[in-house]
Every structure is written in structure tokens, then in C-alpha cells.
Amino acid sequence: MRIHSSRVFLASIAVAWVSAAVAADKTDEQLIENAISAAPEAVGKNAAVVNWEMKTLRKGTNGFTCIPDDPGTPTDDPMCTDENGMAWMHAIMSKSAPPEGKVAFAYMLKGGDAASNADPYAPRPPVDGKWVHDGPHVMVMNAPTIMALYPHGPDQTQPYVMFPDTPYAHLMIPVK
């Protein structure tokens, strides 16, 4: 998943600046098309779309919001999440506690990369330079009691916990 790796607040600011420049090369329609590719067609076609500056590019009607590719990662990694997921994202980006009792769901059907599986604020991969790559997946966020049931190391072949032992721990579920 790729939204993960926000050292978040500072990285979000950096990403917003970078993506503003990258987004300047793309029309709103191109950004919308990329963003909705994160979810199944039935979800994406009715989802709201925002850019990395959280500017609304399109209003939605189904409670999902999609975000285009994160230009700070090496792969095309748009994301589409429900209302609780947007609240969870706000929490991680502002380094605040996720909203209690609001389980969230997100799609990343194009996959994603993160600088670290353990540190949500890692600005870049470790010395070896290897990003944590996840293929197409969905995520369950803000459900802390289930995190102990799953492995805590990245594994594209089965569900696992990303950012374990942090308030931002979430379940990564590969889909094919």
C-alpha cells in the first residue's frame, strides 16, 4: 500500500509539493482516472477524488474517496478508501491518534510501495534502498484488536500487519 509511509506529516508536505509539480503535468481528468483505478469499477465510478493537497477534483456519492498515485514512491499506487479511512489518513498525516471505534477499509488494486513496514514515518528505505512492495491489496485500518492474529512481516502471499505496534497498524490483504 503506498500511502503508508508518511513520516507522515513532513513527508505529506514534501509529497504535496512534489505532487503539485507532477500534478501540474496532468489534467484533473487524468488524475481522476488514475485515482479511481485503485478500486473496483463499481466503487471508483461513484467515488470522490482528491489530489495530494486534498483539493476535491470530483465529488462522490458512495462514501469513498480516491487519491491518485503518490509521486514519492517508485510505483503507480493510487488508493481509494471509505470515510473512516480518510479520518485514519488524517490521523497518520497529523501524527494524531486514529479515531476510536471507526474501522476503515481501503483499496489499492494497483499495489504500492512503502519505505518501511515498521515505521510509518520512514522517509526512505533503509541503507539497502529496497522499498517494501505490495501487489494489489485491500486494507483494514483502525481495528487494533485483530492485529495480533496476523504476521507482522511483509508477505505478498497472505494477510499481514503493516506498521505493527503503532497506532497506525493495519491489515494488508493481498488480492489477485
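To be clear, the structure that these remarks concern was listed above.
Presented here is an overview of the structure given in this document.

Conventions we followed
- Residues numbered from 1 in each chain as written.
- Predicted model: local features only at pLDDT ≥ 70, side-chain atom pairs only at ≥ 80, totals over all residues.
- Heavy atoms only, no water.
- Pairing = 2+ DSSP bridges.
- Helix = DSSP H or I, 4+ residues; strand = E, 2+ residues; numbered from the N terminus.
- Axes fitted to C-alpha atoms, helices over the stretch in contact; angles between N-to-C directions.
- Contact = heavy atoms within 4.5 Å.
- Salt bridge = Lys/Arg side-chain N within 4 Å of Asp/Glu carboxyl O.
- Buried < 20%, exposed > 50% of the residue type's maximum accessible area, 1.4 Å probe, protein only.
- Core = buried A, V, L, I, M, F, W, Y, C linked by side-chain atoms within 4.5 Å.
- Phe/Tyr/Trp six-rings, centres within 6.5 Å; stacked < 30°, edge-to-face > 60°.

To continue, consider the sheet that holds strand E5 (residues 104-108). Here eight strands make up an open sheet; going across it, the order is E2-E1-E3-E4-E5-E8-E10-E9 and the pairing mixed. The outermost strands of the open sheet, each flanked by one partner alone, are strand E2 (56-58) and strand E9 (160-162). Adjacent strand axes in the sheet meet at a mean angle of 30° when their direction is disregarded. Across five bridges, strand E8 (residues 137-141) lies against strand E10 (residues 170-174) in antiparallel orientation. In the sheet register, Met139 faces E10, and the bridge partner there is Met172. Most of the contacts of helix H2 (residues 28-36) go to E2, to which it runs at about 80°, and overall it touches strand E1 (48-50), E2, strand E3 (64-67) and strand E4 (79-82).

By the definition in use, this model includes one salt bridge. Across the salt bridge formed by Lys110 and Asp76, the nearest N and O atoms sit 2.5 Å from each other. Here Asp76 lies in the loop between E3 and E4 and Lys110 lies in the loop between E5 and strand E6 (112-114), a separation of 34 residues in the sequence. Its relative accessible area of 38% is what places Lys110 among the partly exposed residues.

Inspection of the secondary structure assignment puts Ala143 in the loop between E8 and E9. Between the alpha carbons of Ala143 and Tyr168 there is a distance of 9.5 Å; along the sequence they are 25 residues apart.

Let us now look at the nonpolar core. Core analysis: the biggest nonpolar cluster contains 21 residues, and Met79, Trp88, Ile92, Met139, Met141, Met162 and Tyr168 have the highest contact counts within it. Only helix H4 (83-94), E5, E8 and E9 provide two or more residues apiece to this core. The biggest single contributor to this core is H4, with four residues.

All told, the structure shown has four aromatic pairs when counted by the stated rule. Centre to centre, the rings of Phe64 and Tyr107 are 6.0 Å apart; their planes meet at 40°, and the pair counts as tilted. Of this pair, Phe64 sits in strand E3 while Tyr107 sits in strand E5; the two residues are 43 residues apart in sequence, bridging distant segments of the chain. Here Phe64 falls in the buried class, since its relative accessible area comes to 16%. Aromatic pair Trp88 and Tyr168: ring centres 6.5 Å apart, planes at 80°, arrangement edge-to-face. With Trp88 in helix H4 and Tyr168 in the loop between E9 and E10, this residue pair connects regions lying 80 residues apart in the sequence. We classify Tyr168 as buried; its relative accessible area is 6%.

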